[in-house]
Amino acid sequence: MAERAVRTSVLLAATIEQFGGNHARTHKVRDLSSGGVRVDQGDALRKGATVVITVGSLEAVPATVVWIADGWAGLKFATVIDPDQARTRAALKPKQVSNHKKSDPSPGPTAGWAGDLRNPYRR
């Protein structure tokens, strides 16, 4: 029997897409190893289905649903992953900068001492 990969208890969000499915669903990852994951909402998946999972900075990792029980599902990755990469947040896309100015910039608070809040030299 093959040796089982070390599993770590985690609480991560993952997106799982089923091939031919209508949309991606968000699941919580509870256990993670280099070979697979245990996710909640297992009833939304089908045993034997091939899916694509995105978790942390890992995107579109192919996996197979190998078991479903008590609202949980176990997925086996098609290839070995780096669990540390799955725990790393995905890089945020930079905000797009627009070249137009706001039409009505808010002056902020102006009454009493609140008008001095944005003054870096206030005492």
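No experiment lies behind these values; they were computed from the predicted model shown. (Residues numbered from 1 in each chain as written. Predicted model: local features only at pLDDT ≥ 70, side-chain atom pairs only at ≥ 80, totals over all residues. Heavy atoms only, no water.)

J.: Explain the nonpolar core to me, please; I cannot follow it from the model alone.
T.: Side chains of nonpolar character tend, in soluble globular proteins, to be buried together. Core analysis: the biggest nonpolar cluster contains 22 residues, and V29, L32, V37, V39, I53, L75 and F77 have the highest contact counts within it. Mapped by element, the contributors of at least two residues to this core are strand 1 (8-18), strand 2 (25-32), strand 3 (36-39), strand 4 (50-55), strand 5 (58-69) and strand 6 (72-77). The residues contacting L75, other than those within four sequence positions of it, are I16, G35, G36, V37, V39, L45, V51, I53, A63, T64, V65 and V66. (Core = buried A, V, L, I, M, F, W, Y, C linked by side-chain atoms within 4.5 Å. Buried < 20%, exposed > 50% of the residue type's maximum accessible area, 1.4 Å probe, protein only. Helix = DSSP H or I, 4+ residues; strand = E, 2+ residues; numbered from the N terminus. Contact = heavy atoms within 4.5 Å.)

J.: Teacher, can you tell me more about the pairing of strand 2 here?
T.: The side chains of a regular strand alternate, residue by residue, between the two faces of the sheet. The sheet contact formed by strand 1 and strand 2 spans seven bridges and is antiparallel. Among the inter-strand pairings, S9 is bridged to a residue of strand 2, identified as D31. Both strand 2 and strand 3 contribute to a ladder of three bridges, which runs antiparallel. From the neighbouring strand, V29 faces strand 3, where its bridge partner is V39. (Pairing = 2+ DSSP bridges.)

J.: Could you clarify how one ought to interpret the pattern of salt bridges in this entry?
T.: Pairs can form between side chains of opposite charge once their charged atoms are near each other. Tallied over the full model, the rule gives two salt bridges. In this structure, R38 and D31 form a salt bridge, with 2.7 Å as the shortest nitrogen-oxygen distance. For R38, a relative accessible area of 23% translates into the label partly exposed. Across the pair R87 and D84 runs a salt bridge, and its minimum N-O distance is 2.6 Å. Of this pair, R87 and D84 both sit in helix 1 (residues 83-87), three residues apart, which is roughly one turn of that helix. Residue D84 is classed as partly exposed on the basis of its relative accessible area, which comes to 48%. (Salt bridge = Lys/Arg side-chain N within 4 Å of Asp/Glu carboxyl O.)

J.: Can you help me understand the side chain of H27 in this one?
T.: With respect to the helices and strands, H27 occurs in strand 2. Residue H27 is classed as buried on the basis of its relative accessible area, which comes to 2%. A distance of 2.8 Å separates a polar side-chain atom of H27 from the backbone oxygen of D40. Beyond its immediate stretch of four places on either side in the chain, H27 contacts L12, A13, A14, I16, V39, D40, Q41, A44 and L45. (Polar contact = N/O pair within 3.5 Å; in protein donor to acceptor, adjacent residues only side chain to side chain.)

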